[in-house]
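# Close look at the chain arrangement
What follows is each chain in one-letter form.
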Amino acid sequence: MATWLVARGNKDGIRNALVLHCDDIFAAYNDLKAKGYDITEPELKFYGDYEMKLKDADGNLLLFLS
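Residues numbered from 1 in each chain as written. Predicted model: local features only at pLDDT ≥ 70, side-chain atom pairs only at ≥ 80, totals over all residues. Heavy atoms only, no water.

Right, let's get into the environment of Lys 53. Along the chain, Lys 53 falls in strand β4 (residues 50-55). On the accessibility criterion, Lys 53 (34% relative accessible area) is partly exposed. Along the primary structure Lys 53 and Asp 38 are separated by 15 residues, whereas in three dimensions their C-alpha atoms are 8.8 Å apart. Apart from residues lying up to four places away in sequence, Lys 53 is in contact with Asp 38, Ile 39, Thr 40, Leu 61, Leu 62 and Leu 63. (Helix = DSSP H or I, 4+ residues; strand = E, 2+ residues; numbered from the N terminus. Buried < 20%, exposed > 50% of the residue type's maximum accessible area, 1.4 Å probe, protein only. Contact = heavy atoms within 4.5 Å.)

Now the structure itself:
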């Protein structure tokens, strides 16, 4: 499942975000990191999900949740 979110005026300069759910966020992180992507490490958020972020060349955010 994916959802586009508008994030205008975001302090990080992000225009849009694509939210993706993955079953194993740590495997996804290791795979993307091995391919050379600049991605944040999975972080446990206050709402109980793990989250990691990747910004594409156009400034859009890919937000992975697990």
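Having seen the structure, we can now continue with the description.
Here we take up the packing of aromatic side chains. Overall, the coordinates contain two aromatic pairs when judged by the stated rule. Considering the side-chain rings of Phe 26 and Tyr 50, the 5.1 Å spacing of their centres and the 70° angle between planes classify their relative orientation as edge-to-face. Linking Phe 26 in helix α1 (residues 25-34) with Tyr 50 in strand β4, this pair joins segments that are 24 residues apart in sequence. A centroid spacing of 5.1 Å and a plane angle of 80° characterise the contact between Phe 46 and Tyr 47, whose relative ring orientation is edge-to-face. Phe 46 gets classed as exposed once you look at its relative accessible area, which sits at 82%. Using a relative accessible area of 40% as the deciding quantity, one classes Tyr 47 as partly exposed. (Phe/Tyr/Trp six-rings, centres within 6.5 Å; stacked < 30°, edge-to-face > 60°.)

Tracing the chain through its elements places Glu 51 in strand β4. Polar contacts involving the side chain of Glu 51 include one to the side chain of Tyr 47, which spans 2.6 Å. With sequence-adjacent residues up to four places away left out, Glu 51 is seen in contact with Ile 25, Glu 41, Pro 42, Glu 43, Lys 45, Leu 63, Phe 64 and Leu 65. (Polar contact = N/O pair within 3.5 Å; in protein donor to acceptor, adjacent residues only side chain to side chain.)

Moving on to the environment of Ser 66. Looking at the secondary structure, you find Ser 66 in the segment after β5 (61-65). Look at Ser 66 and you get partly exposed, because its relative accessible area is 24%. Between the alpha carbons of Ser 66 and Met 52 there is a distance of 9.1 Å; along the sequence they are 14 residues apart. Not counting residues within four places of it along the chain, the set of residues in contact with Ser 66 comprises His 21, Cys 22, Asp 23, Asp 24, Ile 25, Asp 49 and Tyr 50.

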